[in-house]
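# A closer look at the structure
Residues per chain are reported as follows:
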Amino acid sequence: MHDPMLMLDGDRRIITASRAFCTMFHISEAETVGRQLRELGDGQWDLPELTALLDNVIPGSRTIEDYHVTLNFPGIGKRTVLLNARKIYREGNNPIALLLAMEDITERDGLQAERDRSLEQTNPLLEELNH
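Figured I'd write up the structure that's included with this text.

Rules and cut-offs
- Residue positions within a chain follow its written sequence, with the count starting from 1.
- At least 70 in pLDDT is required for a residue's local features to be given in this predicted model, at least 80 for side-chain atom pairs to be given and counted, and no such filter applies to totals for whole chains, interfaces and linings, which use all residues.
- Hydrogens are left out, water is left out, and the side-chain values use all remaining heavy atoms of the structure.
- DSSP calls a pair of strands paired once it identifies at least 2 bridges connecting them.
- Runs of E in the DSSP output that reach at least two residues are strands. Runs of H or I that reach at least four are helices, and both are numbered from the N terminus.
- Only C-alpha atoms enter the line fits that serve as axes; for helices the fit covers just the stretch in contact. Angles between N-to-C directions range over 0 to 180 degrees.
- Residues count as neighbours in contact if any of their non-hydrogen atoms are within 4.5 Å of one another.
- Here, nonpolar core means buried Ala, Val, Leu, Ile, Met, Phe, Trp, Tyr and Cys residues that are tied together by side-chain atoms lying within 4.5 Å of each other.
- Per-residue accessibility, obtained with a 1.4 Å probe over protein chains only, is compared with the maximum for each type, and a residue is labelled buried under 20%, exposed over 50%, and partly exposed between these values.

Moving on: the sheet that holds strand 5 (residues 96-104). The strand order across the open sheet built from 5 strands is 2-1-5-4-3, with neighbouring strands paired in antiparallel fashion. Unpaired on one side and paired on the other, strand 2 (14-17) and strand 3 (64-73) mark the two borders of the sheet. In this sheet, neighbouring strand axes are inclined to one another by 25° on average, regardless of whether the strands run parallel or antiparallel. Running over the sheet, helix 2 (residues 48-55) touches strand 1 (5-8), strand 3, strand 4 (77-89) and strand 5 and is turned about 145° from strand 3.

With that out of the way, let us pick up the nonpolar core. Counting residues in hydrophobic clusters, the biggest one holds 28 residues, and the most contacted among them are Phe 25, Trp 45 and Leu 100. At the level of secondary structure, the elements contributing two or more residues to this core comprise strand 1, strand 2, helix 1 (19-24), helix 2, helix 3 (57-60), strand 3, strand 4 and strand 5. Take this core: its biggest share by element is 5 residues, from strand 3. If we ignore the near neighbours within four places in the chain, the residues touching Trp 45 are Phe 21, Phe 25, Leu 37, Arg 38, Leu 40, Leu 50, Leu 71, Phe 73, Leu 83 and Met 102.

Turning next to the pairing of strand 1. Of the two faces of strand 1, the one carrying Met 5 and Met 7 and the one carrying Leu 6 and Leu 8 are both buried. Relative to strand 5, strand 1 runs antiparallel, the two sharing 4 bridges. Bridge pairing in strand 5 places Leu 8 opposite Leu 98. Note: strand 1 against strand 2, 3 bridges, orientation antiparallel. What sits directly across from Met 7, in strand 2, is Thr 16.

Have a look at this one:
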């Protein structure tokens, strides 16, 4: 898989991390597996709203679609990420887990912000010309 992903149990403990996740966030799989999502890094993932959303995925059969977060990570800086989560079924004693997929939209978000700033600067000129 090319997209960063985590598989979490019902307590938001990381079961596995994709290679893309480890590469994107400069973290090893050994530093992720067995830990709570909120414990990763310097606590960037400890977001009460995200926790509440994730808590409803497994028992409520809900999904998370394009949840937008901007986080600051040591060594890689600010990242804007879209999160998607779904309940999945696994074999064994703990058959239900959660798949958390991520899309890094940092560059896309930055380009949009730059366009918005450019339009804001252009509009007064257009207004003056039209006046």
